[in-house]
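Geometric and topological summary
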Amino acid sequence: SGTIIELEKQLSCGKAIAVTIRGSGEGATIDGKDKIGLFKVSGGCSLTLERLNLVNGKTNGDGGAVYVKNGILTLMDSTVTNCKGDWGGALYVDNFNRYKVRVKGSTF
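This text gives an overview of the structure that appears in the document. Residues take numbers from 1 onward in each chain, read along the sequence in its written order. For a predicted model such as this one, the threshold for reporting local features is a pLDDT of at least 70, and the threshold for listing and counting side-chain atom pairs is 80 or more; totals across whole chains, interfaces and linings nevertheless cover every residue. Based on all heavy atoms of the structure, the side-chain values leave hydrogens and waters out of the count.

Here we come to the sheet that holds strand E10 (residues 79–81). Strand pairing follows a simple DSSP-based rule, namely that at least 2 bridges must link the two strands. The helix count covers DSSP runs of H or I at least four residues long, the strand count covers runs of E at least two residues long, and both are numbered beginning at the N terminus. Pairing in this open sheet of four strands is parallel, and the strands run E1-E4-E7-E10 from one edge to the other. Of all the strands in the sheet, just strand E1 (3–6) and E10 have a single pairing partner and so form its edges. Averaged over all pairs of adjacent strands, the angle between their axes in this sheet comes to 15°, without regard to strand direction. A fitted line through C-alpha atoms represents every axis, and for helices the fit uses only the stretch in contact; the resulting angles, taken between N-to-C directions, go from 0 to 180 degrees.

Written as C-alpha cells, this is what we have:
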C-alpha cells in the first residue's frame, strides 16, 4: 500500500537549503526503475528523507540511492532496497570526513 513515485530523472538538491521529504503513515516508495540514481545532494544542501522506501536506484557512477558531495543527508525510518552503483549501492559520500550522514531506524 502507499504511494509509488517512479522517477524519470534523478532528484538533485544543489543549493544551501534544507529539504525534507517525508512519507505518510501508509508509506511512500521512490523507485528508480533500475535506470537512475534516486538523489544527489551537493552545494551545501541538507536533505532529510523520512519514512520512505527507496528502491531500484541504479547508476553507472556512485550512490545508487543517494550520492552526497558537499552536503548533509539524514535518513530516518526508511528502507533502501535493490539499489546499485559502482561504489555505494545504497549511499555514497564523497569525502566522508568532511560531510555528514545521519542514519536512524533505517535498513539497507
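Strand order in this open sheet of four strands is E2-E5-E8-E11, and the pairing throughout is parallel. The open sheet terminates on both sides in strands that have one partner only, identified here as strand E2 (11–13) and strand E11 (91–93). The average undirected angle you get between the axes of adjacent strands in this sheet is 10°. Here three bridges tie E2 to strand E5 (residues 39–41), and the two strands are oriented parallel to one another. Residue pairing in the sheet places Cys-13 in a bridge with Val-41 of E5.

Geometric values such as these leave the question of function open.
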